[in-house]
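The lines below spell out each chain.
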Amino acid sequence: MSIDKVQEEESAQEIPLEDQVKKLEMQIKAEQEKAESILNKMKYLQADFDNYRKRVDKELAETKQFVNERLITNLLDVVDEFELALKVAKEGGKPDSLVGGVEMTLRKLLDILGKEGLARIEAIGKKFDPNLHEATEIVPAKENEEGVIIAEIRPGYMLKGKVLRPSMVKVTAATV
Amino acid sequence: MSKPETEKIIGIDLGTTNSAAALMEAGRPVVIPSAEGQTAAGKMFPSVVAFTKDGQVIVGEAAKRQAASNPEGTIFEIKRKMGTDYTVNIYFKSYTPQQISSLILQKIKKDAETFLGRPVKKTVITVPAHFNDNQRQATKDAGEIAGLEVVRIINEPTAACLAYGLDKAEKEMKICVFSFGGGTHDVTLMEFGGGVFQVLATSGDTQTGGADIDNAIVQLLKEEFRKQTGIELTDKLALTRLKEAAEKAKIELSNLVTTDIDLPFIAADANNPKHLHYTLTKAKLEDLALPIVKRIEEPIRRVLADAKLTTKDVDRIILIGGQTRMPLVRKMVEDFFGKPAERGLDPMECVAVGAAIQGAVLAGGHIVT
């Protein structure tokens, strides 16, 4: 038996048994609390992790579905510009062959984008829907014809059902 | 496992122009995306509420889109009216600012629940440091109307400090929180000590923001086009294209020295289509922005004077709001104080993140570090 052990036993003998029990009980309580707190933390982490995993799965599915979203959104400007070019060319009486060629090119571009899930939002003649359209100009409405789109200033597009860009429209509204 | 799940407290940055929400997940902040998806304002959405004649309530991006066709039913910037007797009268009904704000909060609650896949009940909402008791109470009421238990209202600059972890510093310090958003800017001088943030002074200008810089670029482009072609650009489509190009160029020039703005077929005269081509340099952009950015110096001087402090007394500088991403704005603030500002967090999300951190602390020690 080492000297230390002897001293420990001696000092243990000096402390009344009751106090020793109390001390040990307190120690157990503290340890229990610690364990509970760690368990709680673990539960929170587990709950967070479960949610995180669910969300990551969902986000991954979305990412796969909308992998080209940014590229296609950026290409919308180019589509617009082609359409503007055609409009100007037709109004300016440019040669049919040139106009026809550009039309074909635009059609090809839209076909490629369409295969990726791009669709033009319907506007003219439709009821204005702020989820799809943005009202940029207002014209006074005749009776019972409020909220109808009468002109499209810039077309809007959806990708697989998600609005990439709302249409900019001219809409009828009651005069205030 | 149900107990931890119901105790999530989300942090909400209920802004004048845009709002956002965040929460802590496994000890890290996550910004909750709004249902309309990523927009120009990132994960934030416009603090706009609309009532339609047929009784629908629309909040966020869609509310903004229909504003022109329903001006009398659309409410912008209700935050400016919080805590006042003001009522909004729409289609024979009247609403208090709390009720309007509650609709914004309801949308956030719904978006958060969709994101998390479970109910959200508790929240921490941020308010400007200058908000008085009435305005704070009104914000709290708005939360309750939305079905949220507002466990605490905290100051926006305090939230920003929490986001940067300044509360973990074990020393006293003075902090300047500088906010520069789309339409307003403000400055708050704070003191941190003994675990508490205290506002020393606050000042601002509700009329100067980042949109002024975009407008200056649009004006420059219009002027250039007029000089080249003699045509004044006025139609809606041309102006929208100009505005979008200006915003894009401004963002690109945060990292580049020059950027090309190309807007073909922007107009046409009797004979020919006209195109706009302009190479915008960073130097030119800074020339345009400088008079606007300079205006932010005045409120900084004012808060320092009010708190009887000098730039040397300020230990930390925090920048919040989208416009502080512009290198010129950061440089101006850093030059003014002669020390670097904090970096590393998205200045648009930082207030919501700070509120989420506060929420996690109040939820009870489940911040895992």
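Residues numbered from 1 in each chain as written. Chains lettered and ligands numbered in written order. Predicted model: local features only at pLDDT ≥ 70, side-chain atom pairs only at ≥ 80, totals over all residues. Heavy atoms only, no water.

A word on the overall build of chain A. Counting secondary structure elements, chain A contains four helices and six strands. Along chain A, helices (α) and strands (β) appear in the sequence α-α-α-α-β-β-β-β-β-β when read from the amino end. Expressed along its principal axes, the backbone C-alpha trace of chain A runs to roughly 115 × 45 × 20 Å. Counting only residues that meet the buried cut, chain A has 26% of its 176 residues in that class. Once local pairs closer than 6 in sequence are excluded, the contacts in chain A between residues at least 24 apart make up 63%. Carbon and sulfur atoms form 56% of the exposed surface of chain A, whose accessible area is close to 12300 Å². Charge separation in chain A, taken as the distance between the mean sites of 28 positive and 34 negative side-chain charges, equals 8 Å. (Helix = DSSP H or I, 4+ residues; strand = E, 2+ residues; numbered from the N terminus. Buried < 20%, exposed > 50% of the residue type's maximum accessible area, 1.4 Å probe, protein only. Contact = heavy atoms within 4.5 Å. Areas by Shrake-Rupley, 256 points an atom, 1.4 Å probe, with all protein chains shown as cover. Lys, Arg positive; Asp, Glu negative; His and termini not counted. Charge placed at Lys NZ, Arg CZ, Asp CG, Glu CD.)

The subject of this paragraph is the overall build of chain B. If you tally the helices and strands in chain B, you get 11 helices and 17 strands. What you see for chain B is a C-alpha radius of gyration of 22 Å, in line with the 21 Å of a compact globule of 369 residues. Overall, the C-alpha framework of chain B stretches about 70 × 60 × 40 Å when taken along its three principal axes. For chain B, the share of sequence-separated contacts (at least 6 apart) that also reach a separation of at least 24 residues comes to 63%. Looking at chain B, you have 46 positive and 47 negative side-chain charges, and the mean spots of the two groups are 1 Å apart. (Rg over C-alpha atoms; globule rule 2.2 N^0.38 Å.)

Turning to the domain arrangement of chain A, a few remarks are in order. All names here are of chain A. Domain parsing of chain A yields domain 1 (1-116) and domain 2 (118-176). Summarising the inter-unit geometry, the C-alpha centres of domain 1 and domain 2 are found 35 Å apart. The partner domain 2 presents 10 residues to the 14 residues of domain 1 that form the contact. Run the count over domain 1 and domain 2 and you get three salt bridges. Ionic pairing is found between E83 and R120, a salt bridge with its closest N-O pair at 3.0 Å. At the boundary of domain 1 and domain 2, one finds five residue pairs in polar contact (both at pLDDT 80 or more). Listed by contribution, the elements that provide at least two residues to the side of domain 1 that touches domain 2 are α3 (69-91) and α4 (96-115). The biggest single contributor to the side of domain 1 that touches domain 2 is α3, with eight residues. When the residues that make up the side of domain 1 that touches domain 2 are grouped by side-chain class, the tally is six nonpolar, three polar and five charged. (Domains from an automatic or database assignment. Salt bridge = Lys/Arg side-chain N within 4 Å of Asp/Glu carboxyl O. Polar contact = N/O pair within 3.5 Å; in protein donor to acceptor, adjacent residues only side chain to side chain. Nonpolar A, V, L, I, M, F, W, Y, C, P; charged D, E, K, R; others polar.)

A few words now on the interface of chain A and chain B. Chain A puts 37 residues into the contact, and the matching count from chain B is 36 residues. Surface buried jointly by chain A and chain B totals about 3100 Å² across both partners, of which 62% is contributed by carbon and sulfur atoms. When the buried surface of chain A facing chain B is broken down by residue, A:Y44, A:D48 and A:R55 rank first, second and third, together holding 21% of it. Summed over the shared surface of chain A and chain B, the result is five salt bridges. Of the charged contacts, one joins B:R241 and A:E81 as a salt bridge, the two residues approaching to 3.2 Å between their closest N and O atoms. (Buried area = accessible area lost by both parts, 1.4 Å probe.)

This part is about the pairing of strand β14 (residues 196-205) of chain B. All names here are of chain B. As paired elements, strand β13 (residues 185-193) and β14 share nine bridges and run antiparallel to each other. For H185, the partnering residue across the bridge sits in β14 and is D205. Where β13 hands over to β14, the hairpin turn is made up of two residues, of which G194 adopts a positive phi near 60°. (Pairing = 2+ DSSP bridges.)

Our focus in this paragraph is the sheet that holds strand β5 (residues 162-165) of chain A. Across a sheet, paired strands are connected by hydrogen bonds in the backbone, their directions being either parallel or antiparallel. Residues and elements named next belong to chain A. Judged by pairing direction, the sheet is antiparallel, and its three strands sit side by side in the order β1-β4-β5 without closing on themselves. Looking at the sheet topology across the chains shown, the edges are occupied by β1 (118-120) and β5. For this sheet the average axis-to-axis angle between neighbouring strands, irrespective of direction, equals 35°. As paired strands, β1 and strand β4 (residues 157-159) are joined by three bridges and run antiparallel to one another. (Axes fitted to C-alpha atoms, helices over the stretch in contact; angles between N-to-C directions.)

Glancing now at the environment of B:A67. All names here are of chain B. You can see A67 is positioned in the loop between α2 (61-65) and β7 (74-75). Classification of A67 as buried rests on a relative accessible area of 11%. As a C-alpha pair, A67 and E170 span 103 residues in sequence and 49 Å in three-dimensional space. Residues within four places of A67 in sequence aside, it is in contact with T74 and F76.

Right, let's talk about the packing of aromatic side chains for a bit. Taken as a whole and assessed by the stated rule, the structure comprises four aromatic pairs over all chains. Measuring from ring centre to ring centre gives 4.2 Å for B:F51 and B:Y95, while their planes differ by 20°; the resulting arrangement is stacked. One end of the pair, B:F51, is in strand β5 (residues 49-51); the other, B:Y95, is in strand β9 (residues 93-95), and 44 residues separate them in sequence. The pair B:F51 / B:Y95 is uniform in exposure class, with both members buried. Geometrically, the ring pair formed by B:F178 and B:F180 is edge-to-face, given 6.4 Å between the ring centres and 75° between the ring planes. B:F180 sits in the buried class, given a relative accessible area of 0%. The ring of A:F66 is capped by A:K162, whose NZ or CZ atom sits 4.6 Å from the centre of that ring. (Phe/Tyr/Trp six-rings, centres within 6.5 Å; stacked < 30°, edge-to-face > 60°. Lys NZ or Arg CZ within 6 Å of the ring centre and 35° of its normal.)

Time to look at the nonpolar core. Residue and element names in this part refer to chain B. Judged by nonpolar contacts, the single largest core of 50 residues is most densely connected at F178, I266, L276, V293 and F337. Per-element accounting of this core gives the leading share, seven residues, to helix α6 (residues 210-229). Filtering out sequence-adjacent residues up to four positions away, F178 remains in contact with D186, V187, I296, I300, I318, L319, I320, T324, V329 and V333. Membership of the second largest hydrophobic core comes to 35 residues, among which are V49, F51, A112 and I153. (Core = buried A, V, L, I, M, F, W, Y, C linked by side-chain atoms within 4.5 Å.)

What follows deals with α3(A). Residues and elements named next belong to chain A. Taking 1.5 Å per residue as the helical rise, α3 with its 23 residues ought to reach 33 Å, and the 33 Å between its terminal C-alpha atoms agrees with that figure. Along α3, the largest kink reaches about 25° and is centred on L75. Within α3, burial applies to I72, L76, V79, D80, E81, L84, A85, L86, V88 and A89. (Expected span 1.5 Å × (residues − 1). Bend = angle between axes of the 7 residues up to and from the residue.)

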